[in-house]
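Given next are the chains, with one letter for each unit.
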Amino acid sequence: MTNPFLDEHAVEAALDWGALIEELRCWLARNAVEAPPRQVLPIQQPDGSEASLLIMPAWVPGESIGVKLVTFFPENPQRGLSTINAGYMLFDGATGQMKAVMDGDAITARRTAAASALAADYLARADAQELLIAGTGQLTQSFALAHSAVRKYNRISIWGRNSDSAARIARSLADQGLPAEAIFNLEVGCRRADVVSTVTAATSPIIQGAWLRPGSHLDLVGSFRDDMRESDDLALTQAQVFVDGHDGALNSGDLAQPIRAGLFDPMQIYADLAELTQGRHPGRTSDQEYTLFKAAGLSIEDLAAAELAYRQTKS
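Rules behind the numbers
- Residues numbered from 1 in each chain as written.
- Predicted model: local features only at pLDDT ≥ 70, side-chain atom pairs only at ≥ 80, totals over all residues.
- Heavy atoms only, no water.
- Pairing = 2+ DSSP bridges.
- Helix = DSSP H or I, 4+ residues; strand = E, 2+ residues; numbered from the N terminus.
- Axes fitted to C-alpha atoms, helices over the stretch in contact; angles between N-to-C directions.
- Core = buried A, V, L, I, M, F, W, Y, C linked by side-chain atoms within 4.5 Å.
- Buried < 20%, exposed > 50% of the residue type's maximum accessible area, 1.4 Å probe, protein only.
- Contact = heavy atoms within 4.5 Å.
- Salt bridge = Lys/Arg side-chain N within 4 Å of Asp/Glu carboxyl O.

(A) Geometry of the sheet that holds strand β8 (residues 155–159). The eight strands are arranged β9-β8-β7-β10-β11-β14-β12-β13 in an open sheet whose pairing can be described as parallel. Each edge of the open sheet is held by one strand with a lone partner, namely β9 (180–182) and β13 (269–272). For this sheet, the mean inter-axis angle between neighbouring strands, taken without regard to orientation, is 20 degrees. Here strand β7 (residues 130–134) pairs with strand β10 (residues 195–198) via four bridges, running parallel. Of the residues in β10, the one forming a bridge with Ala 134 is Thr 198.

(B) Structural detail: the nonpolar core. Ranked by internal contacts, the top residues of the largest apolar core, which has 66 residues, are Leu 15, Met 102, Ile 156, Ile 158, Leu 273 and Leu 303. Broken down by element, this core gets its largest block of residues, twelve residues, from helix α3 (residues 104–123). Leave out the neighbours within four places in its chain, and Leu 303 touches Trp 27, Val 33, Ala 58, Trp 59, Val 60, Ser 64, Ile 65, Gly 66, Tyr 88 and Leu 90. Of all hydrophobic cores here, the second largest spans 26 residues; its members include Leu 218, Leu 220, Val 241 and Ile 269.

(C) Fine view of the pairing of strand β6 (residues 98–103). Pairing of strand β1 (residues 5–6) with β6 involves two bridges; the strand directions are parallel. Within the sheet, the bridge partner assigned to Leu 6 lies in β6 and is Met 102. Where strand β5 (residues 84–92) and β6 come together, five bridges link them in antiparallel fashion. By the bridge assignment, Gly 87 is partnered in β6 with Asp 103.

(D) Summary view of the pattern of salt bridges. Evaluation of the coordinates by the stated rule reveals 21 salt bridges. Put simply, Glu 23 and Arg 311 hold a salt bridge, and the shortest N to O gap is 3.1 Å. Note that Glu 23 is positioned in helix α2 (residues 17–30) and Arg 311 in helix α11 (residues 299–314), a separation of 288 residues in sequence. Residue Glu 23 is classed as buried on the basis of its relative accessible area, which comes to 12%. Between Asp 302 and Arg 111 there is a salt bridge whose closest N-O contact spans 2.7 Å. Of this pair, Asp 302 sits in helix α11 while Arg 111 sits in helix α3; the two residues are 191 residues apart in sequence, bridging distant segments of the chain. You can call Asp 302 buried: its relative accessible area is 0%.

(E) Representation of the sheet that holds β6 within the structure. Overall, mixed pairing links the six strands, which are arranged β1-β6-β5-β4-β3-β2 in an open sheet. Either end of the sheet is taken by a strand with one partner, and the two such strands are β1 and β2 (39–44). As judged from the six bridges shared by β2 and strand β3 (residues 50–60), these two strands associate in the antiparallel manner. Note on β3: the bridge partner recorded for Gln 44 is Glu 50. Across the sheet, α3 touches β3, β4 (64–72), β5 and β6, and the angle it forms with β5 is around 95 degrees.

(F) View of the pairing of strand β11 (residues 217–220). Going residue by residue along β11, you find His 217 and Asp 219 tucked away on one face and Leu 218 and Leu 220 tucked away on the opposite face as well. In this sheet, β11 lies alongside β10 in parallel orientation, the contact comprising four bridges. The partner of Val 196 across the bridge, within β11, is Leu 218. Across four bridges, the pairing between β11 and strand β14 (residues 290–294) is parallel. Residue Asp 219 lies in a different strand from β14, and its bridge partner there is Phe 293.

Given below as structure tokens:
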């Protein structure tokens, strides 16, 4: 039997936002997945830059096995190419036979956005009305769509260093029925936003804690290495901090750098995403507290998304 290849369009068609968010909630609450720490292997480039190869396996014994291979080339935008490229392989957990190969970029974009939206369902104010997304890469549209599946926003602001890209993405989202607009002053956008989501490859803070409103939720997604960082110290220290998973989050600059400086203790992390879905922490407890969610990506999210896509295409 030929194993199917699910390209980008097939994966996107199979992963409805609402269904995927609930799939992640169920898998995380079930707590049955074994997921070794992901490997991030540096790859020195001839031009002196550094790329990365990420290896992310996960399995449920006797049920399912999956592995995602991801390349991260930060210089690619200068070549007109995507920063992140990935492939996903799905196996039968009982026999080890391959079930499918999938476009890993689509899996990554879909599950990353869905996981942040799931976290926001627990951590953003119930009456949140304005979403700001900082970044104009391949994840931006997915984040706007996923977050809109758990909150009804009256305004979605898109900010990026490239204002033309921000305007293009905002127009595309508006064409899909979302109240999106490009903004050109990040501070002004942060001061009025209820939810701020960052999807950049920044290596120094772009979000200042002093810009954030009491009761706001900060969703940090872009950094996954020690030298990458999207928020300043105050944004972290004034907030109740949550993570998708401890290992990856603690290796990202947004947490690792303040920890080294003695400004933050890992014991101050309130809960991870699994603990939120299992009801072991209530999430937001007041309308005035700051919340922060640091995501670095979990292989359980990839496996859940891949299994859902496979089931949907087989039905």
